[in-house]
Amino acid sequence: AHKGCPDSDGDGIRDKEDKCPDLYGKKEFDGCPPPTPKTVKITREKIEILERVHFRTARATIKKDSYQLLKDVAQVLNDNDHIKKIRVEGHTDDRGKDSYNLKLSQARAEAVLEFLVKEGVDAGRLEAKGFGETRPIDDNATRAGRANNRRVEFMIVAQ
């Protein structure tokens, strides 16, 4: 398509015309990715959120103060359609029974997925998976550690 001219990031824009030759971008941004909201960062592995998604205690109900954050995630997904599949992961701390936490984390991941679909993200690009308390990133012995373990992550499964 480019008559032998390199396109290192595979975005369809030749490297010599691409202001971001190492990042998948769009023509309207001179080959660079669309700007992302301050709350969201795209890495190789995931769409990283720089704030926490809040839920009602022991429920899968998303609190209103997290709506804008999730709208930002939806915007990033809609702007970056080269990301083919995202796994919305739900995680809990170790309080409560393992089986309860697994169900709660799954319900929370599904609630986030449904929110993203309502914001225009194609449901075929999303899957929800609850991990309960099985993947802690911090110490469950402290209040701050438990808060860090209660999280939602957006893992890139396919690009």
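As shown above, the structure is provided for reference.
Residues numbered from 1 in each chain as written. Predicted model: local features only at pLDDT ≥ 70, side-chain atom pairs only at ≥ 80, totals over all residues. Heavy atoms only, no water.

Draft legend 1. Looking closely at the layout of surface pockets. Its boundaries defined by the atoms lining it, the largest pocket holds a volume of some 400 Å³. For the largest pocket, the lining is made up of 21 residues, of which Phe55, Thr57, Ala58, Arg108 and Arg150 are closest to its centre. Looking at the lining of the largest pocket, the elements with two or more residues in it are β3 (85–91), α2 (98–118) and β5 (151–158). With four residues, α2 is the single largest residue contributor to the lining of the largest pocket. For the lining of the largest pocket, the residue count by class is seven nonpolar, six polar and eight charged. In this structure, the second largest pocket spans a volume of roughly 310 Å³. Around the second largest pocket sit Asp22, Leu23, Tyr24, Pro33, Ile42, Thr43, Arg44, Asn80, His82, Ile83, Ile156 and Gln159, which together line it. Residues of the lining of the second largest pocket, tallied by class, amount to six nonpolar, four polar and two charged. (1 Å grid on protein atoms, 1.4 Å probe; cavity = no way out; pocket = protein on both sides within 12 Å on 5 of 7 lines; lining within 4 Å. Points joined across faces, edges and corners; volume = space filled by probe spheres on them. Helix = DSSP H or I, 4+ residues; strand = E, 2+ residues; numbered from the N terminus. Nonpolar A, V, L, I, M, F, W, Y, C, P; charged D, E, K, R; others polar.)

Draft legend 2. Inspection of the pattern of salt bridges at higher detail. For the structure on display, the rule yields eight salt bridges. Its salt-bridge partner being Glu89, residue Arg87 comes within 2.8 Å of it at the nearest N-O pair. Here Arg150 makes a salt bridge to Asp93, at a shortest N to O gap of 2.6 Å. A residue pair is termed long-range when its members are at least 10 positions apart, and Arg150 in the loop between α3 (143–149) and β5 and Asp93 in the loop between β3 and α2 qualify at 57 residues. For Arg150, a relative accessible area of 35% translates into the label partly exposed. On the accessibility criterion, Asp93 (7% relative accessible area) is buried. When salt bridges that share partners are traced, they join Lys46, Arg151 and Glu153 into one network. (Salt bridge = Lys/Arg side-chain N within 4 Å of Asp/Glu carboxyl O. Buried < 20%, exposed > 50% of the residue type's maximum accessible area, 1.4 Å probe, protein only.)

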